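For reference, the chains in residue letters:
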Protein chains: 4
Amino acid sequence: MSTEVTLDCRMDKVHEECGVFGFYDNDGFDVARLTYYGLYALQHRGQESAGIAVNDDGEFLCHKDLGLVPEVFSDLILNNLKGTMAVGHVRYSTKGGNMRENAQPLVNKYVKGTLALAHNGNLINGAKLRNELEKNGAIFHTTIDSEVIMYKLAQERIRSHSIEQAMLRAMDSLQGAYSIVLMSPRKLMGARDPYGFRPLCIGKMKNSYILSSETCALENLGAEFIREVEPGEVVVIDHNGIRSIKNEQAQKRAKICIFEHIYFARPDSEIQGASVYEMRKLMGRHLAKDFPVEADLVFGVPDSGLCAAIGYAEESGIPYGYGFVKNRYIGRTFIQPTQAQREQSVNIKLNVVKSAVRGKRVVMVDDSIVRGTTCANIIRELKEGGAKEVHLMISSPPFMWPCYFGTDIPSRDVLMAVQYSVEEMRQKIGADTLGFLSMEAIKEIAQNLNCDYCDACFSGKYAVPVPNEANKMEFE
Amino acid sequence: MSTEVTLDCRMDKVHEECGVFGFYDNDGFDVARLTYYGLYALQHRGQESAGIAVNDDGEFLCHKDLGLVPEVFSDLILNNLKGTMAVGHVRYSTKGGNMRENAQPLVNKYVKGTLALAHNGNLINGAKLRNELEKNGAIFHTTIDSEVIMYKLAQERIRSHSIEQAMLRAMDSLQGAYSIVLMSPRKLMGARDPYGFRPLCIGKMKNSYILSSETCALENLGAEFIREVEPGEVVVIDHNGIRSIKNEQAQKRAKICIFEHIYFARPDSEIQGASVYEMRKLMGRHLAKDFPVEADLVFGVPDSGLCAAIGYAEESGIPYGYGFVKNRYIGRTFIQPTQAQREQSVNIKLNVVKSAVRGKRVVMVDDSIVRGTTCANIIRELKEGGAKEVHLMISSPPFMWPCYFGTDIPSRDVLMAVQYSVEEMRQKIGADTLGFLSMEAIKEIAQNLNCDYCDACFSGKYAVPVPNEANKMEFE
Amino acid sequence: MSTEVTLDCRMDKVHEECGVFGFYDNDGFDVARLTYYGLYALQHRGQESAGIAVNDDGEFLCHKDLGLVPEVFSDLILNNLKGTMAVGHVRYSTKGGNMRENAQPLVNKYVKGTLALAHNGNLINGAKLRNELEKNGAIFHTTIDSEVIMYKLAQERIRSHSIEQAMLRAMDSLQGAYSIVLMSPRKLMGARDPYGFRPLCIGKMKNSYILSSETCALENLGAEFIREVEPGEVVVIDHNGIRSIKNEQAQKRAKICIFEHIYFARPDSEIQGASVYEMRKLMGRHLAKDFPVEADLVFGVPDSGLCAAIGYAEESGIPYGYGFVKNRYIGRTFIQPTQAQREQSVNIKLNVVKSAVRGKRVVMVDDSIVRGTTCANIIRELKEGGAKEVHLMISSPPFMWPCYFGTDIPSRDVLMAVQYSVEEMRQKIGADTLGFLSMEAIKEIAQNLNCDYCDACFSGKYAVPVPNEANKMEFE
Amino acid sequence: MSTEVTLDCRMDKVHEECGVFGFYDNDGFDVARLTYYGLYALQHRGQESAGIAVNDDGEFLCHKDLGLVPEVFSDLILNNLKGTMAVGHVRYSTKGGNMRENAQPLVNKYVKGTLALAHNGNLINGAKLRNELEKNGAIFHTTIDSEVIMYKLAQERIRSHSIEQAMLRAMDSLQGAYSIVLMSPRKLMGARDPYGFRPLCIGKMKNSYILSSETCALENLGAEFIREVEPGEVVVIDHNGIRSIKNEQAQKRAKICIFEHIYFARPDSEIQGASVYEMRKLMGRHLAKDFPVEADLVFGVPDSGLCAAIGYAEESGIPYGYGFVKNRYIGRTFIQPTQAQREQSVNIKLNVVKSAVRGKRVVMVDDSIVRGTTCANIIRELKEGGAKEVHLMISSPPFMWPCYFGTDIPSRDVLMAVQYSVEEMRQKIGADTLGFLSMEAIKEIAQNLNCDYCDACFSGKYAVPVPNEANKMEFE
């Protein structure tokens, strides 16, 4: 929910790969501007690049660049993006350097005209498909899976009657997670992989249709939530209205990534029937039940731990408060302190509210532990600030396995929970208590969902065959 | 504490005018970069321009421009700002247009070389002094009081032995609020008006000295808080260390602006002996005592009402939670929705967490009411989101009088509390309860301060003679 | 040779499409920076985008954008472009809008790694090839022929032993004009179509090799001119040195575009054995012989007519001088006068030197007439400035036919010479004499070349089959 | 006349300090845009900063920054500069660093409202006046003389009836060269020092008035030249039309800086009754008479020697041609070759046309020699390019004395002509002949002027007392 996530917690947070958005206008709306606000509401899903493609009676115009939504688009640019359909994208990327080419939506010419594609997720067999295509003479301009998907669409289109049929057929060869918004000269489409790992929902605003990764973007536009795109479904919106076709491999119930509810999604979104905010509060309540401590104050690490902290406070009866002030002004251009300055204690982002923690036994709630380094720093500062005890509650089970479905959970060898027992972790981090949400708690909380869920990063139980950990790198 | 304050609450929030910072190096620190982090910690005090002047053995270099601290300074620029002293400034301004000239610090040549000046506050007799100077042939490049102060310094310097004496003498003619950081070729100085309306404190980092509007900037740098600059005091830092002289009109106890504790300052700062965070919690507690209601949920309007809401929740025993999600990504370049889009319910900044408020009786805490329009909108949205009752608690008394000391409380004719009774306000805003903090509560809470306070905006009791309201405009 | 060409003569000048450059380092040179200077020397061949790709031991980095060479590259960007090979490109484009995608070099992944390609010229069968590729599932990111060439290379590479063999084979299907610089992980290559329409030469600097559209870039770098790449030749530079293979369809003698000597190339370049400057002077001399007039002053239209004007003055004995001052400061961002302002006589680029032309009979030399509008304006201004007679000499025959080989000579229906006789043109333009260089003169002058030439835009005699004029649009 | 002058001949060219422009509208013209074109025509007089101030019924708006006119102003900015009067300025500055503050016009508030001032020239007693002002309490924001003039105006205004009277009185204390355009709330004024060192002329466009450093700006706007502002004259334009008052010290005949005709002004301007182009041709003719040589080719160093070269060619009968091609694309951001690269012969700006000079005896004409280094390089390159002999003709006498009137001729100790005899210079430069224009020739040519002239940089005869050379630095 905040810019800083990618900027200075980079080493110790897991990131979502993308947010997607689409708009099909039947009311004379300014589609580029509404897509701008839609992407702005989805900014937490990706802060490294942003893009909008519009379709003006078959003519496509696209603007995209590195940066936050308000950095990439100016009034002038939005004024030039006229049309009756739009596709938008925000992206998080682990790839460094000047990769402007990798910004989405991708806009390509193919045998039937032009296509614009925005993609959230990750293909398990992306590298394999890319390889096969190259062996047949394909050239690639980017290093992203979206270009592989685009190629498959172009090839399937040759033997299909329609682009939506091509999308359905492409699903047979695309393995992994993908929630896609696709725009052809006459249609706006949404597609979700047969497992439904990543969210994608349909909204309506007067007579116009919206596709969005999360419902918060619908709420921000004052649009109505219709339903979620189902696993393996292709939703087609055109001048005939909305209709749907489905891939045969489609699972009955989505296996939504449970980390959407734990951390990725905005608290005001509802995903697969459950309020993210309420889910997080429940996680906090479970932690309070499983790890009761004597303490004077409960607070969350802003912003990822705030909602679960409220649940913990409610369940435990320990007063809720603030432990930190977080500086909100960081943007792309912020100059990080040097290592030398950090050693001089220059600490620009989170500041302990000393008057609040001094002499107190505190419960601090956060969403997860990756490498453990940030946690350790924060706890040290709390103790330097006068906290007598720090009880750390984590609103997820320990990360034990890599993710192949669109998040950047790193290889096992850097995951703290792979290397150490919980008690060892507690000691290394310097916490007086360290509690993780249990798999059972997840299971119980997940009953609020209208579908199944993927918890492979905790359990190692992947819904589909995945490559060996040793080979993980080649799939990135 | 957040960028957005100036951007979309512009019509319904009161603003601080500025933050000031100074650094005198005795340890080989990178003064420009540390001033950058200091200003970054003070960013909440002014988001419209930022500037740093450094002094390299008598040679002054200055960079300043419109924008946030990270927007104004790049790595390259900071690298060029070499020196052993620095003065920094962040500014909020009610003046529109391209006023790059008004950015601070001001750097001027005068009879004794160069001076750099950063100023927080407002002169009551600024226009009068400007007039007198012009009648004697003065020319002005800016429209800010700081240039008037600079002129007075230049004139007093002619008949003084030192720049600090000149500063002391200038105090005799400067009426109003000013906390100043001043840099001459060999000295860094801090000065505070004889009433001490605005904060200014002294810090130390190894053997180097810091001046800062608030202590949070010291904490961010890992510096030690020494003490506050006293009313009417001029603190001089040079190669002999730190020393102090005092104006004869100086009050014994500062009359700190109480709105610093209510809203302006960062919660993690301590001002005049009191933690801002604790003061705000106390305000919430008082509201809970004075306006007890039956309710299911307490929350604050982010970010201005959050701390007081915690106090209210604690005192009342009603659960604390979230009512809104606030989008944090807004920067200077964000494109606001048009009026037409707003009417289509495009609502990009605050979003109600419907699952949290649905069917609930809620207590919402905010810091103040100016025109009342934003409050009314927020309450309407809460009710549309399903809240059964909305009890609004304001952690300050009603604004009844203009401020002449450095905030932009508007003229009386637009202040809602001047035009309506509290009951009328409640009805217009659509709240089920409307409670304001009482003057008695302020008085009691203020016992935590080590000084007096100014509450003229609530009481109309000004510490110094002020012009008629009718004439207010000429003082702006 | 000047920025303005593309900016305000846009309607009445013919443009070259591109300049290409390559560098293979064996001496530890800064390849990006030398390519920057090389492109800067070729800037006259394209002012709309610029790009450099470097190869650092197989890793490719590319930076390109819309703008002039000095606008696109900063010191910081050049510092990041480290490597031992580089490919550069400057581009002129008739396509409007934000076409950053079309900037070159193209950098693509394919079955054998990465390729970077810079292209000058135009394919006759570009649209046809694109179509065929799309029918087999290809997707296109750009609208330029270079991407078609890249695809053909990728496909031919599958059945070839080397990238240079693939290039040679691709020549069999690529029809039209192309001078290419190509970079693979280990090789830098230059290729020229079997007719050699566009120039491409080889240079050497110590032990390092250079490929460049023109020799002026070699001179600017202090490099030695080795020879021209021959028609249908692929030159390969790698750690074994330089070697060459040749397509079987290669013509013995290049059919260089004669308009390179008339207008496109820089006067200080030598192309196909002839100095551009001397060729232009000869054209002027021929005009003086064929169209002798009584006059007091000869001058050229800056900068395109200056060299030929010197030849005319020499041959005729009429004094050479200046007729205009040309404002040199125009850049990308220059704001053109509005139509209303132009009618108020606001005239910002060329200004008549009235003292020079007042009362004089003048001979004005220019390189060509497209639509005739600019000529007419200039002559009117000369006469308003006091010129008694204006004798217009054009150092080329009349444009009668479109070009399919890389220049933007427009369709026949806008060419003045297609619509009117020379006498009618003279009257419409308002000249007292109008002389065009004859085809015979071209033939005689071209004896200085070491090859044949293409004059199809004058003669309609195309070296290869071209589409009907009616179909021209599809080839653009 | 070209951007490059300030960029790479920096060490060996003399620079004009500024160009000024003013517009008083009576016809509904877009004053900002016309001032933009006016400044664009004067760009050769200063390339380091540009600014425009407009006056909208007494409200002043100003935009100025470092850069060329097209770099400083965008369409958006010009659209915001609405008004009925404008003052514009382009500036050359020898002062390095980020001196945005020194850009003009200066806009200041003073006792009678607002003033905008643009200044071309240099005060001899600027430092002295600045000192006196500071002793009386003045503060300075800039280091330019214009601020001193502004102060004097503000002080004189107190005891004058009008701003024009104040200007006239200020002249009594301002010593040196100044051509000023001044804008008060109701008047546009032009003023020229009592000696008239720098040009300033009056134009008319329909019923609107223009003030401009040179006539070329009038021609570019299609305006009519009225007359020159006279020495010591203040011209006042307001709703009553145009009127004039004169300082008592005013000389009858201006002492125009003769270097305006030699180098500074644009060839298409007329200054003090003489065409700059014709004057330069005459200089070339005199050189041909005084230094006849046997040669095959005459050319000028672009652009400063081109006009005189034409005169030399005409008088001598030796053919005129090109010796160099000059790359025109250099802008502010061009990255100069490093010293190492220069030693590798990277030579990006002037390139010898080898085919033109090979085996030839050439006459090269340039405007002046300052340090002699550039000349020597150019001659070396010509000889390396095959020139058999190089006869260098300089269209001015040798620089022997500093200038105190607005050009940056350096101190005597770096002037080549101060250190060496002409024969020694010839040898050092490597020329076969070195001819300088004689003082007698200047005198004869100057008969075309309608006034006297200042040739102090050649003769040492200053029209007014100047400081000792030893003290020159303090006057800069």
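Here, every reference points to the structure presented above.
About the cut-offs
Residues numbered from 1 in each chain as written. Chains lettered and ligands numbered in written order. Predicted model: local features only at pLDDT ≥ 70, side-chain atom pairs only at ≥ 80, totals over all residues. Heavy atoms only, no water. Phe/Tyr/Trp six-rings, centres within 6.5 Å; stacked < 30°, edge-to-face > 60°. Helix = DSSP H or I, 4+ residues; strand = E, 2+ residues; numbered from the N terminus. Buried < 20%, exposed > 50% of the residue type's maximum accessible area, 1.4 Å probe, protein only. Lys NZ or Arg CZ within 6 Å of the ring centre and 35° of its normal. Axes fitted to C-alpha atoms, helices over the stretch in contact; angles between N-to-C directions. Parallel < 35°, antiparallel > 145°, perpendicular 65-115°, else oblique. Left-handed = near helix turned anticlockwise from the far one by under 90°. Contact = heavy atoms within 4.5 Å. Nonpolar A, V, L, I, M, F, W, Y, C, P; charged D, E, K, R; others polar. Pairing = 2+ DSSP bridges. Least-squares fit on C-alpha atoms with pLDDT ≥ 70 in both. Expected span 1.5 Å × (residues − 1). Polar contact = N/O pair within 3.5 Å; in protein donor to acceptor, adjacent residues only side chain to side chain.

## Side note on the packing of aromatic side chains
Aromatic rings considered in pairs are described by the distance between their centres and by the relative angle of their planes.
Point 1. This structure, assessed with the given rule, holds 66 aromatic pairs over all chains.
Point 2. When the centroid spacing of 5.0 Å and the interplanar angle of 55 degrees are considered together, the rings of Phe-140 of chain B and Tyr-151 of chain B count as tilted. Of this pair, Phe-140 of chain B sits in the loop between α5 (126–135) and α6 (145–158) while Tyr-151 of chain B sits in helix α6, placing them 11 residues apart in sequence. The same class applies to Phe-140 of chain B and to Tyr-151 of chain B, which are both buried.
Point 3. Among the aromatic residues, those joined into a cluster by ring pairs are Tyr-195, Phe-197, Tyr-404, Phe-405 and Tyr-462 of chain A.
Point 4. The ring of Phe-140 of chain B has Arg-130 of chain B sitting right over it, with the charged end atom 4.4 Å from the ring centre.

## Brief notes about the packing of α5 of chain B against α6 of chain B
Residue and element names in this part refer to chain B.
Point 1. Where α5 contacts α6, the two axes come as close as 10 Å, and the packing angle between them is 50 degrees. Comparing their axes, α6 and α5 come out oblique. For the element pair α5 and α6, the recorded crossing hand is left-handed. Two secondary-structure elements touch here, α5 through Gly-126, Leu-129, Arg-130 and Leu-133 and α6 through Asp-145, Val-148, Tyr-151 and Gln-155.
Point 2. A per-class count over the contact of α5 with α6 returns four nonpolar, two polar and two charged.

## Let's talk about the sheet that holds strand β4 (residues 85–91) of chain C
All names here are of chain C.
Point 1. Taken together, the seven strands give an open sheet; going across it, the order is β3-β2-β4-β1-β10-β9-β11, and neighbouring strands pair in antiparallel fashion. Sheet topology places β3 (59–66) and β11 (224–228) at the edges, where each strand pairs with a single neighbour. Taking the axes of each pair of neighbouring strands and ignoring which way they run, one obtains an average angle of 15 degrees across the sheet.
Point 2. By the bridge criterion, five bridges tie strand β9 (residues 201–205) to strand β10 (residues 208–212) in an arrangement that is antiparallel. Bridge pairing in β10 places Gly-203 opposite Ile-210.
Point 3. Running at roughly 25 degrees to β4, helix α2 (residues 31–41) makes contact with β1 (18–24), β2 (49–56), β4 and β9 of the sheet.

## So, the relation of the copies chain B and chain A
Point 1. When chain B is fitted to chain A, the best match, at an RMSD of 0.0 Å, comes from turning it 180 degrees and sliding it 0.0 Å along the axis. In symmetry terms, the pair is related by a two-fold rotation axis.
Point 2. When you check the interface residues of chain B against chain A, 100% turn up at the interface there too, and the contact is symmetric in its surfaces.

## Points about helix α10 (residues 276–290) of chain D
Residues and elements named next belong to chain D.
Point 1. Here α10 is 15 residues long and its end C-alpha atoms lie 21 Å apart, about the 21 Å a rise of 1.5 Å per residue gives.
Point 2. Of the residues making up α10, those classed as buried are Val-276, Tyr-277, Met-279, Arg-280, Lys-281, Met-283, Gly-284, His-286, Leu-287 and Ala-288.
Point 3. Of the residues flanking the start of α10, the one acting as N-cap is Ser-275, its side-chain oxygen 3.3 Å from the backbone nitrogen of Tyr-277.

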